[in-house]
Amino acid sequence: MRITLDPRTKLFMVLIVSMVVLMPATTPLLWGIRICMTMIPILLLLSEKRYASAIRFLIFYGVALILTFFFLSKESQGILSAILIGYCGIVVQFMPGIITAWYCVRTTKIGEFMSAMQKMHIPDGIAISLAVVMRFFPTIKEEYGSIRDAMKMRGIMFGGGNALRMVEFRMIPLLFSCVNIGDELSAAAITRGLGGKVRRTSVVELKLHAQDVILMMLFTAALLVFVFFKYFR
Amino acid sequence: MNSSKLQAKDFITIGIFTALLIVVEFLCGMLGYIHPYIVASYVILIPIVGSIPMMLFYTKVEKFGMISIMSVLLAIIMFVLGMGYLGAPLIIAAGVAADLIARSGKYKSFKKTILSHGVFCLWICANYFPVIVTADSYREDLIKEGYSTEYCDNLFRAINSKTISVLLILCFVFGCIGAVIGKKVVKKHFEKAGIV
């Protein structure tokens, strides 16, 4: 079953999750709320048929949680455990936010996003820039992949040579292609009438449905419960 | 069309370079989990590595507002990535100040660009803010969340209300040094190729 959500609901989810992530979870109940909030975007990813990324996130998050709870304590020492703690720390702390943001980015079409931004009266400048940022992370990853392949063929790899050249050989080509893609994007944006003086209309009709309202209420309730048990008990 | 106003092309440029800067920040950020002293050395790593895209960005800045909008975007993204809202006003303040400095040189003066990049780099320090302002509760929470006490002790030895001034100055200095290096790289690769 496919659940489509309004982009505004998705942005709201991102906001709430990043607020909850900010407040460290200390008791089992708070951990429970946090884990439930992480599961919702994973389920939504499944409902959008993005099985690969959903399962990848689930495994990453699950392994990190298990490691933190059962194998690591504040007494553990040594380099291996330091790296493990680091890895688990980063995953447990930031994964919920990253998963939700990923869900938001991968399932929102740019047109929908712009139209939602317009409905929320966000200034055009911030909306366009933010849309480009959202669209650009996958592009950077793709470009970087092809540059790495090219460098491999030339025999330039991590491990050999000095670090400075390695950064240079990867970053400069990446910047070159990003600048070029930027020019193409601006041409495309002008054909779509971005930056014009007239108010843009949208093909997508945005409306809040029942599922949007339910999810928003669920997340607000989760936030309230979290804050209540963290600071008032 | 009014040429002093920002257009769609400028917004797209901002978006692209913000994305690049975030990637640089994120890659450096990964290193910080190995040892807390690396967290403190962000003030050196990020200005220098990030200066290459930033200098390329500065060559494209011609109007007031581009650097400010970039700082607003950085603040939003840092919030989503879980760095907290305490730093957000600082990030935006650093961005606007950097923008004003660069504008006083009409976005062409190299000296002003160096200064402006130094000021802009102060946004990195904004990320330390939750560590300093809420030091005690933050420490407790970190330990309860499963970090080792060793990591916490080192972290708070490296970053506290005393060292923050040193970190701020270092950040500014390396921002300036980074600007010079970045400018050289941009000249070597991009100006010769005729892209700028």
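Our structure's up above, just so we're on the same page.
Residues numbered from 1 in each chain as written. Chains lettered and ligands numbered in written order. Predicted model: local features only at pLDDT ≥ 70, side-chain atom pairs only at ≥ 80, totals over all residues. Heavy atoms only, no water.

Got a minute to help me understand the overall build of chain B in this structure?
Each helix and strand counted, chain B has eleven helices and zero strands in total. Along chain B, helices and strands appear, N-terminal first, in the series α-α-α-α-α-α-α-α-α-α-α. By the burial criterion, 55% of the 196 residues in chain B qualify as buried. Long-range contacts, defined as pairs at least 24 residues apart, comprise 75% of the intrachain contacts of chain B with a sequence gap of at least 6. Here chain B displays about 8,300 Å² of accessible surface, and carbon together with sulfur accounts for 68% of that area. (Helix = DSSP H or I, 4+ residues; strand = E, 2+ residues; numbered from the N terminus. Buried < 20%, exposed > 50% of the residue type's maximum accessible area, 1.4 Å probe, protein only. Contact = heavy atoms within 4.5 Å. Areas by Shrake-Rupley, 256 points an atom, 1.4 Å probe, with all protein chains shown as cover.)

Just checking my understanding: could you explain the packing of helix H6 (residues 124-153) of chain A against helix H4 (residues 66-80) of chain B for this structure?
When two helices pack together, you describe them by how their axes are tilted relative to each other and by the distance separating the axes. Contact geometry of H6(A) with H4(B) gives a least axis separation of 10 Å together with a crossing angle of 55°. The angle between H6(A) and H4(B) falls in the class oblique. Where H6(A) crosses over H4(B), the two elements pack in a sense that is right-handed. For the pair formed by H6(A) and H4(B), the contact residues are Ile126(A), Ser129(A), Leu130(A) and Val133(A) on the first element and Ile69(B), Val72(B), Leu73(B) and Ile77(B) on the second. (Axes fitted to C-alpha atoms, helices over the stretch in contact; angles between N-to-C directions. Parallel < 35°, antiparallel > 145°, perpendicular 65-115°, else oblique. Left-handed = near helix turned anticlockwise from the far one by under 90°.)

Can you help me understand H6(A) in this one?
The α-helix winds at 3.6 residues per turn, so residues separated by three or four positions along the chain end up facing the same way. All names here are of chain A. The terminal C-alpha atoms of H6 lie 43 Å apart, and with 30 residues this matches the ideal 44 Å at 1.5 Å per residue to within 8%. Of all the bends in H6, the largest measures some 35° and sits at Phe136, one to four residues before the proline Pro138. One or two residues past the end of H6 sits Gly155, with phi positive at roughly 85°. (Expected span 1.5 Å × (residues − 1). Bend = angle between axes of the 7 residues up to and from the residue.)

Help me out: how do you make sense of a positive patch on the surface in this one?
All names here are of chain A. Where like charges cluster on the molecular surface, the positive patch consists of Arg50, Arg56, Arg106 and Lys141. For Arg56, the location among the structural elements is in helix H3 (residues 51-71). Note on Arg56: relative accessible area 44%, which makes it partly exposed. (Patch = residues over 30% accessible without salt bridge, like charges linked within 9 Å, V, L, I, M, F, W, Y side chains within 5 Å. Salt bridge = Lys/Arg side-chain N within 4 Å of Asp/Glu carboxyl O. Lys, Arg positive; Asp, Glu negative; His and termini not counted. Charge placed at Lys NZ, Arg CZ, Asp CG, Glu CD.)

Before we go on, may I ask you to explain unusual backbone geometry in this structure?
Both trends apply: most residues other than glycine have a negative phi, and most peptide bonds are in trans. All names here are of chain A. Phi at Lys49 takes a positive value of approximately 65°, unusual for a residue other than glycine. Among the structural elements, Lys49 can be located in the loop between helix H2 (28-47) and H3. Looking at Lys49, the relative accessible area reads 58%, which means it is exposed. One non-glycine residue with positive phi stands out, namely His121, at about 60°. Position of His121 among the secondary structure elements: in the loop between helix H5 (110-119) and H6. On the accessibility criterion, His121 (67% relative accessible area) is exposed.

How should I be thinking about the nonpolar core in this particular structure?
Burial of nonpolar side chains together is a common tendency in soluble globular proteins. In terms of nonpolar packing, the biggest core is built from 87 residues, with Phe136(A), Phe57(B), Ile67(B), Phe120(B), Tyr128(B) and Ile159(B) touching the most fellow members. Other than its neighbours up to four places away in sequence, Phe136(A) contacts Cys178(A), Ile181(A), Leu185(A), Ile16(B) and Ala19(B). In this structure, Val17(A), Ile33(A), Tyr103(A) and Ala222(A) belong to the second largest nonpolar core, which totals 32 residues. (Core = buried A, V, L, I, M, F, W, Y, C linked by side-chain atoms within 4.5 Å.)

Hey, could you run me through H4(B) in this one?
Taking 1.5 Å as the rise per residue, H4(B) with 15 residues should run 21 Å; its terminal C-alpha atoms sit 21 Å apart, in good agreement. Of all 15 residues making up H4(B), 13 are buried, and the element is well covered by its neighbours.

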